[in-house]
Amino acid sequence: MTTATHPSASAPSLTPQQLFRKQAAGEGLSPDEPDAAHRHVIVVTMENTIGALNRVANLFSARGFSLESVSVGIAEGQTARMTLVTTGNDRIIGQVLQQLNNLVDTLHVDDVTDEAFVERELCLVKVAATPAERSALMGVVDIFRGNVVNITPDSMTFEVTGPPTKINAFIGMMREYDVREVARSGRVAMRRQLVFETQS
Amino acid sequence: MPEKNVTGAEILIRSLEAEGVEFVFGHPGGAVIQIYDEMHRLQPKFEHILVRHEQGGTHAAEGYAKATGKVGTVLVTSGPGATNTVTGIADAFMDSIPLVVLTGQVPTKLIGNDAFQECDIIGVTRSITKHSFLVRDVRELASTIKKAYHIARTGRPGPVVVDLPKDVIAARAPFEWPERISLRGYSTITRGEQGQVEKAARMMRQAERPLLYVGGGTIISNATDALTRLARKTQIPVTTTLHGLGSFPEDDPLSVGMLGMHGTWYANQAVQNCDLLIAVGARFDDRVTGKIDAWAPHAKIIHIDVDPACISKNVPADCPILGDVGHVLAQLEPLVEFRNRADWLTQIEAWKAECPLEYVHDGALRPQHIIQELRRKTGGHAVVVTDVGQNQMWSAQYFTYAEPRSHITSGGLGTMGFSLPAAMGAAFGLRKAAENAAENAVPVISINGDGGFLMNMQELGVAAAHKLPLKIVVLNNSYLGMVRQWQELFHDERYSHTHLAPTNPDFVQLAEAFNCVGLRCTRPDDVTATIDAAWEVTDRPVLMEFQVITEEMVFPMVPAGAATDEMITQRFNPEEFA
């Protein structure tokens, strides 16, 4: 969850301004210091133009931000909706949000991390399976409320949807068998509350 | 009702006219030949300047934009024409200069096909543009041009690339200039939040040792008069960044000059000792702050800027104010009052006396003397366009700027070869403005080192062809001087690949070959006469080569990574010269 840091000799009693400047100078924070890096889920609504995704991806690489997962889809009213997962401390995340907002195609940026939100990921797993193994596999898949989406004489393909922790657990269970292929969609996220334009 | 169908090329030309474009700095080629053909036929209201290299074109457009406050326009062909503009686009992006760069592109059906002179210029420039457009339909051309100029000009200005495939230029549609355009993701803020402005005014009233830290945003926003009024009313001293030079008269007692790596010692002292720093249209660049966690250690910070991503990017603001500098200063003015700050100002005067800007007067030809003579000759009524390196820093330190838009330089990107084409663009813009106002244009002085001058010297031909009376200074020390300075100070005098003398041209002959006037000066006693002679030339550029000593360095200096109060102030012990 946190970025790797070298042990810091300084006492943890830094003022917020000292802390900020330390980060700005590119010095790492140890995990127990306040304002260390955290994972954030950011939902961006953009004009559905050619190259909108490129601009976002490019912004992350050009500014040196981490980008762990992106999922993009067409949403209401000629817009594209992206769910981004990134890691950083408050200063970095603040920059990410401002820079995303500065893109001309951006309509709305929402960091949902500290709000009540639902997130889902879809995963397809193909497993080599003899007819004798099928029922055992089905038992595992049922526990995860997954579906069989394809079956061949020597393989089965499953579909599971849920929060990333559930997907990780499912893939972990499947590793007991002969997994041949895994495809994950990346997360999509949404606030639980109906929000009106709360952004300043 | 819509008019008859015309070509995309004509729509482009009519759109540029509708935008009020005065100059297009361009170079033709295969993908844009139809635009040039229509230009020949239509004789548009704007003037096309044929530059000799597309990089020169972008710098010329930058110089035009910086000198006039308008948007610079560039027109180039696809492939190499487009890639040659990349340095200028990056330069404009770093320094918030409004440009629209129109690039030709191969026909739509060949895009992605590795066609002749194809380059994905949108992809190449994505991280160095404010925005970019690929026009796929001739019916969207006019509105795209209007959007491009709107985005380039408003908010924090910047470069916009418009890529124009050849078949779109050839296609036909009616020309309709849109009255309004829709950019629902793009908005700009002007007024500062009143509560924050009131908080800032309170902080300014309470501060004992406040300091205004002024950047180029103040000039972009045409807020220099408001700034000067505010500083004088509140008796708060002013330090400027490199791009802020000219936003506050440097001969005013409240001015402490430029801060940062090669700023004045006393400006950096003021920063390190102030208890309130009011950043106005500045972005806390690393050349300003040095070692960031040791910078302005006692100061609360007010940060006024139009770009939300700039606020608290490098240094956290105690009072951020998002808004156009001009608007925010106008909001602040009625809320602040005169306050006697004699103690603080006396302290600053003492610092000024303790370590002023100075250089050795020993009969050798030194660049600082030349810059001071140029100031004396013009009285400060000139536009100084510098290149990058030592010449840039001496020009910043010794010219004593008093007027906005009198100093143009490549600050963020630090592009050698910037000065000559940028000076040319500035001179075109100022000559046009002077003609319109029926007055004489102020002189444009291009200050170069011998290294940087060679990088875009081909534009001498353009300046000569248009009879621009540029005053071109080449401070020839036979070295890449700033690199040499670092090699001397930090690399044990190993002068690796910085010596230029073996292959430097004869600059006077070079100027004459381009139909300019060339003058040479080798002694301090001849500086005034050389400058006077140069000012006699009014119908063409004049190049003054000053053969200055190699060893001179730019001081004071904050070594890279050091705190700004750890300045190297002098190379020599002054007693050696006593």
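Rules and cut-offs
Residues numbered from 1 in each chain as written. Chains lettered and ligands numbered in written order. Predicted model: local features only at pLDDT ≥ 70, side-chain atom pairs only at ≥ 80, totals over all residues. Heavy atoms only, no water. Helix = DSSP H or I, 4+ residues; strand = E, 2+ residues; numbered from the N terminus. Expected span 1.5 Å × (residues − 1). Buried < 20%, exposed > 50% of the residue type's maximum accessible area, 1.4 Å probe, protein only. Disulfide = S-S within 2.5 Å. Pairing = 2+ DSSP bridges. Axes fitted to C-alpha atoms, helices over the stretch in contact; angles between N-to-C directions. Contact = heavy atoms within 4.5 Å.

K.L.:
Please give an account of helix α3 (residues 54–68) of chain B that cites residues and values.
P.N.:
Residue and element names in this part refer to chain B. In a regular helix each residue adds 1.5 Å, so 15 residues correspond to 21 Å; α3 covers 21 Å between its end C-alpha atoms and thus fits that length. Of all 15 residues in α3, 14 are buried, a share of seventy percent or more. Two residues or fewer after α3 comes Gly-69, characterised by a positive phi angle close to 80 degrees.

K.L.:
Quick rundown of the state of the cysteines? Include the residues and the values.
P.N.:
Residue and element names in this part refer to chain B. Taken as a whole and judged by the stated rule, the model has zero disulfides over all chains. With no disulfide of its own, Cys-310 lies 17 Å from the sulfur of Cys-319, the closest cysteine sulfur. Its relative accessible area of 3% is what places Cys-310 among the buried residues.

K.L.:
Which residues make up the sheet that holds strand β6 (residues 131–134) of chain B, and what are the values?
P.N.:
In sheet architecture, strand pairing relies on hydrogen bonds along the backbone and comes in two forms, parallel and antiparallel. Residues and elements named next belong to chain B. Taken in spatial order, the six strands of this open sheet run β3-β2-β4-β5-β7-β6, and their pairing is parallel. Both edges of this open sheet fall to β3 (47–50) and β6, since each of them pairs with a single strand only. The sheet shows a mean angle of 20 degrees between the axes of neighbouring strands, direction not considered. Those strands touched by helix α18 (residues 419–437) are β2 (23–26) and β3, and its axis lies near 160 degrees from that of β2.

K.L.:
So, the pairing of strand β5 (residues 117–128) of chain A: which residues are in play, and what are the values?
P.N.:
Residue and element names in this part refer to chain A. Both β5 and strand β9 (residues 188–191) contribute to a ladder of four bridges, which runs antiparallel. Within β9, the residue paired with Arg-120 across the bridge is Val-188. Strand direction decides the pairing type here: β5 and strand β7 (residues 155–162), joined by eight bridges, are antiparallel. For Leu-122, the partnering residue across the bridge sits in β7 and is Thr-161.

K.L.:
Lay out the sheet that holds strand β13 (residues 300–305) of chain B with the relevant residues and their values.
P.N.:
All names here are of chain B. Ordered in space as β11-β10-β9-β12-β13-β14, the six strands form an open sheet in which the pairing is parallel. Each edge of the open sheet carries a strand with a single partner, namely β11 (255–258) and β14 (319–322). In this sheet, adjacent strand axes meet at a mean angle of 15 degrees when their direction is disregarded. With three bridges connecting them, strand β9 (residues 210–214) and strand β10 (residues 238–240) associate as parallel partners. When the bridges of β10 are listed, Val-214 appears paired with Thr-240. Most of the contacts of helix α9 (residues 194–206) go to β14, to which it runs at about 135 degrees, and overall it touches β12 (276–280), β13 and β14.

Spatial relationships are all this shows, so hold off on functional conclusions.
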